[in-house]
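Tertiary structure, described
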Amino acid sequence: MRRLTTTRQRLLLLTACSVASGMVFSTRVWAQTAPAVDAGATSDTYAIHIAKVKKLYKELLLKEKNVTAAVSEISHDQIKAEGVQGSIQSLLKQTPSVNEYQQNIGQGVPVLTVRGVRNSQLAQTLDDIPLQDLLSGGQGSFLNNNIGSPITLGQISGSTIYPGVAPPDKSGFATIGGTIAYRTKRPTSDPYVEVFGGYGSFNTSNLGFELNSGDIGTQGPNAPKVLLRYSHTYTDGYIDYTNGRYDDMLFAADKPYDDGLSKLTATVIYNRGNAYLETSPLPVPLTQANSQTFNFPKSTTYNRQDDTYLTAILGVEQYINPSLVASAKAFYIHTESDQTNFINPSINPGAYNPAEPYGVDGQALAQFYSTSNFGPGNTFYKPGLFTYNPAAVFGTTYAGISSTQTNNHTTTVGFTPKLNIFLPHNNITFGGLFAKETSAGSQYLYGSDPMPEIPGYNSFALGGGSQRTIYTAFLSDRIDLMNNKLHIEPGVSITGVYSSSKVPLSYFNPSYKLSNFGRVAEPYLGVSYNLPYDTTVYASYGKGARFAPVADYSKGSAGSSTAAPNPEIVHAYQLGLRYDTSRLYLNADVYYQKVTSAFSFYTNYNTGLSSYINVGVEQFRGIEGSAKYRLTPAIELFGNASYNQANYLNSFAASVTPFQGQFGYAFKGNPVASIPDWLANFGATYNKGPYSLRVAGQYTGQQTTTFDYAPTNAAYIPGTAQPASGFPGIQYALTTSPDTSFKLPAFLTLNVLAEYKVPVHFERIKEVTLSLDVKNLLGLKYYEHFYNVFQQIAGPSTGATPYLATSPYAAAFYGPPRSVFLSVSAKF
């Protein structure tokens, strides 16, 4: 019994050390250096053993202070502070240089930037496997996978943010702005059952349970453990007519062996979200005339998404000897995004409607085509694809195409091997990523929801698909010199990517396939040096690359082909100073990131040609600082702040905001729109006895907005090759550009989380916790995203999309109003 108890405590302590450090190589190294405790060990022997382990733990923490880059850690308390209202993206806004906004409670259409770089350009990992969409980046292509997520707040134990370029063994796939590394919640040795639920603003409710088996059987440190968690959330949404429901399930199992030095792991996550959402910001005159939460009623228009995510991961970590540890993970990810769009045919989107002076944007295809396109003998009549006659079935063409159904699904399989070699002054890591993602989809038109989905009858796009195969190998080293004061972290990754796109059969073209193979080498070098008084100076350089979205592998509607772009490239530099003690933590750094070969996209609506090229150059530079101070054993103060300046270094057609779907033209020197200049977090926590309190403020600084050039501009005159507006050779239906004359005002929100652990006297109940979570305590009314736009109306049979030349109006997303959520949990 003595051996079982002491070994278990030893392993638990070592595991805690590993989590605290975030170092993938630490746990087994420290475990193998600790002397074994035999079955006859005395209490004195055990005390000596624990003392040695604590010494190793101290050395581990010292290594963490020597990190060669600016890294932010998300703790369990920060996850808890987000509550039901938040998402895995809003969680990240608690760290420097991260901005995020979303449309709804929970996982609802998040828009994220890190140091000004948007979500689709960032890498995301889950337990070291790639989490982002490999074909398009981020959550996928425009208006896909906007509801729910492969992983949710209740399913993670923490997260690490590596802004810029991370070391090769942590960088993930295809990033030019940073890596977000999530970690799943794992089972623990002590068994428990937790039941939780709550209710709050906007008719939001949450109910679920978490079952942790603890150690199963009598195998001591080799005992298997299992965790099962389920959660259901419903909300009406703080924006009118955006109700949604979410179901999240996590299964995690760990099976240690070799006296706990090696381990098998299994993870299965099944999440689903079904909700209504806004496809674009709403006209400000309408929100001002009605309410902050105004939205078009569902009888006018709606966009509904039903998104599901299945993730399965099998892992092994094998201790071989004191100098060698091998690990590998095999994974499978499947997502389905089914989208339904509706627009009331009485609106007649093909003409100006005085009843709707600002237009109605529901992304239904009826908005983009005129009635003359449909019916036998017309543009869209194509045997084998689309033979549906909407006017014959529903009386009028617009009535017959009022609903659009778009179905997309992706499947990813992959393998991530890794080998760690531990030498006296080196920690060397070899590894790789081998993965393949495939996608397919279809689209249907009809006059009702639900609708029949009959290929060859009402199918508007059919038979397409994309795939991307990734081959990555990396080498990373950590060298400790000068009596462990100088730390050098060189590394390199080499990636080859084969991509292909089979464009679906459509009225534009027959189905066809485009493909290419690209490769890139990404070096990294980080250095840190330990100065006196617990201070470390550090610097790093890294090159990152992002491969083009597979959707860019296409021809224009006129049939002219364009070459698929090469990767976007970033060269990222940072220099910082860190002070770290048990009571006070301080960090400050400066960074510079230059993006070259940035993707440029435009469509010439006169010719139907779409062009995808690499011509853009951007820069992101700024400063960051963060601090934590333990004022008393019960009170901790925290804060961080960052300043960012993002600019275009040349003129090119660009995606001008982090919000997908806004394409336009950026001029040299223009600021990158929708990137706040200043971001800050500040607050305090109090934990004593059964009481805990967290008060946190978030400041979001001014940000540049965008505007549309007038459709009467020379840029829109047919046949103008070099329009007077200065858009060289580009013929746009609308050209959106950064608006240097107006900035969205800054805003400050205040959030409060209070908890009380109720004394219980029932034998089977371990604890009962009551919590009050208040977001935007001061009830501030503010905009999160804002621009000036013209009304959109339908185009002629060529598929063009001209716009009505009326006066522009402002459109915006409002920030969440004050919300209150009460919850209770009981642990058995």
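Computed from a predicted model, the values in this text were never measured in an experiment.

Overview of the overall build of the protein
Scanning the protein from N- to C-terminus turns up seven helices and 37 strands. Of the contacts formed within the protein by residues at least 6 apart in sequence, a portion of 69% connects residues at least 24 apart. A total of about 32200 Å² of accessible surface is found on the protein, and carbon and sulfur atoms cover 60% of it.

Re the packing of aromatic side chains
What characterises a pair of aromatic rings is the spacing of the ring centres plus the angle enclosed by the ring planes. Using the criterion set out here, one finds 24 aromatic pairs in the structure. The interplanar angle of 80° and the centroid separation of 5.1 Å between the aromatic rings of Phe380 and Phe460 together place this pair among those described as edge-to-face. Pair noted here: Phe380 is in the loop between strand E16 (324-343) and helix H6 (390-394) and Phe460 is in strand E19 (residues 459-481), with a separation of 80 residues, a long-range link. The exposure class assigned to Phe460 is buried, which follows from its relative accessible area of 6%.

Considering the environment of Pro532
Within the fold, Pro532 resides in the loop between strand E21 (512-531) and strand E22 (535-546). Expressed as a C-alpha distance, the spacing of Pro532 and Tyr579, which sit 47 residues apart in the sequence, is 10.0 Å.

So, the side chain of Gln405
Position of Gln405 among the secondary structure elements: in strand E17 (residues 403-422). Within the local environment of Gln405, its side chain forms a polar contact with the backbone oxygen of Gln339, the two atoms lying 3.5 Å apart. Beyond its immediate stretch of four places on either side in the chain, Gln405 contacts Asp338, Gln339, Thr340, Ser442, Gln443, Tyr444, Met451 and Glu453.

Points about empty space enclosed by the protein
On inspection of all chains with the given rule, the structure shows twelve cavities of 30 Å³ or more. Of the pockets and cavities examined, the largest cavity occupies roughly 250 Å³. Lining the largest cavity are 21 residues; nearest its centre among them are Leu131, Gln132, Asp133, Gly138 and Pro150. Put simply, the parts of the chain that give the lining of the largest cavity at least two residues each are E16 and E17. Among the elements that make up the lining of the largest cavity, the one with the highest residue count is E16 (three residues).

Comments concerning the nonpolar core
Counting residues in hydrophobic clusters, the biggest one holds 55 residues, and the most contacted among them are Leu126, Phe173 and Tyr182. Top element by residues in this core is strand E23 (residues 568-580). It accounts for three residues. Excluding residues within four positions of it along the chain, Phe173 makes contact with Ala123, Gln132, Leu134, Leu433, Arg468, Ile470, Thr495, Val497 and Phe547. Counting twelve residues, the second largest nonpolar core, distinct from the first, contains Phe380, Leu385, Phe386 and Met451.

Digging into the pairing of strand E5 (residues 123-126)
Burial along E5 is two-sided: Ala123 and Thr125 facing one way and Gln124 and Leu126 facing the other are all buried. Here E5 runs beside strand E6 (residues 129-130); their pairing, made up of two bridges, is antiparallel. In the sheet register, Leu126 faces E6, and the bridge partner there is Ile129. In this antiparallel pair of consecutive strands, E5 and E6, the connection spans two residues, and Asp127 shows a positive phi of 50°.

Some thoughts on the sheet that holds strand E8 (residues 178-184)
Sheet architecture is open: five strands sit in the order E1-E7-E8-E5-E6, paired in mixed fashion. Bordering the open sheet on either side are strand E1 (72-74) and E6, each of which pairs with just one other strand. Inspection of the sheet shows E5 paired to E8 by four bridges, in the parallel sense. Across the sheet, Leu126 pairs through a bridge with Tyr182, a residue of E8.

Things to note about a nonpolar patch on the surface
A cluster of nonpolar residues, Leu575, Val590, Ile623, Trp678, Phe682, Tyr699 and Leu748, forms a patch on the protein surface that exposes about 600 Å² of accessible area. Looking at the secondary structure, you find Leu575 in strand E23.

Criteria and cut-off values
Residues numbered from 1 in each chain as written. Predicted model: local features only at pLDDT ≥ 70, side-chain atom pairs only at ≥ 80, totals over all residues. Heavy atoms only, no water. Helix = DSSP H or I, 4+ residues; strand = E, 2+ residues; numbered from the N terminus. Contact = heavy atoms within 4.5 Å. Areas by Shrake-Rupley, 256 points an atom, 1.4 Å probe, with all protein chains shown as cover. Phe/Tyr/Trp six-rings, centres within 6.5 Å; stacked < 30°, edge-to-face > 60°. Buried < 20%, exposed > 50% of the residue type's maximum accessible area, 1.4 Å probe, protein only. Polar contact = N/O pair within 3.5 Å; in protein donor to acceptor, adjacent residues only side chain to side chain. 1 Å grid on protein atoms, 1.4 Å probe; cavity = no way out; pocket = protein on both sides within 12 Å on 5 of 7 lines; lining within 4 Å. Points joined across faces, edges and corners; volume = space filled by probe spheres on them. Core = buried A, V, L, I, M, F, W, Y, C linked by side-chain atoms within 4.5 Å. Pairing = 2+ DSSP bridges. Patch = residues over 30% accessible without salt bridge, like charges linked within 9 Å, V, L, I, M, F, W, Y side chains within 5 Å. Salt bridge = Lys/Arg side-chain N within 4 Å of Asp/Glu carboxyl O.

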